[in-house]
Amino acid sequence: MLHLKLTLALRTTARRVGLSLAIVALVFVIATIATARWGDRSLWPPAPGAPSTELFIVNHGYHAGIVVPRAMLAEQRNRPGLSAIGYLATRFRDFDWLEIGWGDEAFYREVPTAESLTIALAMRALFRPGNPSVLHVVGVKGDPRAMFPNSDLVRVGISDAGFVRLVDTLDATFGCGKGSVMPEQLGPGLYGTSLFFRANGTFHLFHVCNHWIADLLDAAGVPNAPVLATLPSGLLLDLKWRSGLVRSSPFTPKP
C-alpha cells in the first residue's frame with residue numbers, strides 16, 4: 001500500500017512538473033512572438049545592386065558586440081549632432097573596424113571574461129534598478145575574424161539608409177561629460193586598444209547588452225526578437241532563422 005501511494009505521488013508530481021514546464025514554454029513562445037520586431041522592408045535587406053555597409057555581430061559567449069567599419073563612421077561624422085561618432089572615427093583613426101559593446105558599468109569593467117563572472121555580480125546587474133551603463137570600444141585592424149577567432153561572428157549587410165539610422169542610435173547611446181558635447185571617456189578597456197565611455201540608459205534584466213544590439217539592428221530595419229536576444233546565442237539564432245544570416249567562416253591567413 002505504501003509503495004502504491006508513493007508511486008501515485010511521484011506520478012502526480014511528475015504531471016505537475018510537466019504541466020508547469022509546458023506553461024513556461026507556452027508563455028515563452030507567446031512573449032517571443034508578441035514582442036518580435038519584423039523589420040522594415042524599405043531598409044533591409046538592401047536592394048540587389050544597391051550600396052550597402054557590412055558589419056558583424058560578435059558573440060563572446062556571455063555578451064555580444066557590434067563590429068562596424070571605422071571608415072564608414074568617418075563618412076557620417078559631418079552630419080549634425082554626431083559628436084561621439086566623429087570623436088571615435090578620429091580617436092581610432094589607425095584601425096579598420098571598431099567593436100562596440102554596451103553593458104552594466106560595474107559588471108562590464110569587473111568581468112573581462114566568463115571565468116570572472118560571479119553570481120553576486122550577475123544578480124546585482126540584472127535585478128538592482130538604476131544600474132549605470134558604459135560603452136566599450138575596441139580598435140580592430142584587418143579582418144575582425146582574426147581578432148576574435150574563438151567567437152561566433154555573423155556578417156550583416158545594411159542599406160545606406162539603414163546604416164544612417166543605426167549610426168544615429170549608436171551616437172545617442174554615448175553620454176557626454178558635464179558641460180561638454182563630447183563623449184565622456186572612463187579609462188582603458190579590457191583588451192587590445194580599447195576604451196570605456198559613459199553611456200546613456202540603465203542596465204537590467206529586460207535591457208541587457210544583447211537587447212542594445214537588437215535595438216541597433218531594429219533601427220537598421222533588420223528583424224529581431226528581444227526575448228530571444230536576452231542571450232547572445234538567441235540573438236544569433238534569430239538572425240539565422242528569420243533573416244537567413246549565418247555564422248562567418250573562420251579567418252584563414254593568406255599564404
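As a reminder, the structure under discussion sits directly above these lines.
What comes next is a walk through the structure.

**Re the environment of Arg-242**
Working step 1: Along the polypeptide, Arg-242 turns up in helix α9 (residues 232-243).
Working step 2: Look at Arg-242 and you get partly exposed, because its relative accessible area is 28%.
Working step 3: Put simply, Arg-242 and Pro-223 are 19 residues apart on the chain and 7.1 Å apart in space, counted from C-alpha to C-alpha.
Working step 4: With sequence-adjacent residues up to four places away left out, Arg-242 is seen in contact with Ala-36, Arg-37, Trp-38, Pro-223, Asn-224 and Ala-225.

**Comments concerning the pattern of salt bridges**
Working step 1: Taken as a whole, this structure holds six salt bridges when the rule is applied.
Working step 2: For Arg-155, the salt bridge identified is with Glu-54, shortest N-O distance 3.0 Å. Here Arg-155, found in strand β5 (residues 152-159), pairs with Glu-54, found in strand β1 (residues 52-59); they are 101 residues apart in sequence, far enough to count as distant.
Working step 3: Note on Glu-54: relative accessible area 40%, which makes it partly exposed.
Working step 4: A salt bridge links Arg-145 to Asp-143; the nearest nitrogen and oxygen atoms lie 2.8 Å apart.
Working step 5: Judged by its relative accessible area of 17%, Arg-145 is buried.
Working step 6: Judged by relative accessible area, Asp-143 falls into the partly exposed class, the value being 23%.
Working step 7: A single salt-bridge network, built from bridges that share partners, covers Glu-105, Glu-184 and Arg-198.

The rules behind these values
- Residues numbered from 1 in each chain as written.
- Predicted model: local features only at pLDDT ≥ 70, side-chain atom pairs only at ≥ 80, totals over all residues.
- Heavy atoms only, no water.
- Helix = DSSP H or I, 4+ residues; strand = E, 2+ residues; numbered from the N terminus.
- Buried < 20%, exposed > 50% of the residue type's maximum accessible area, 1.4 Å probe, protein only.
- Contact = heavy atoms within 4.5 Å.
- Salt bridge = Lys/Arg side-chain N within 4 Å of Asp/Glu carboxyl O.

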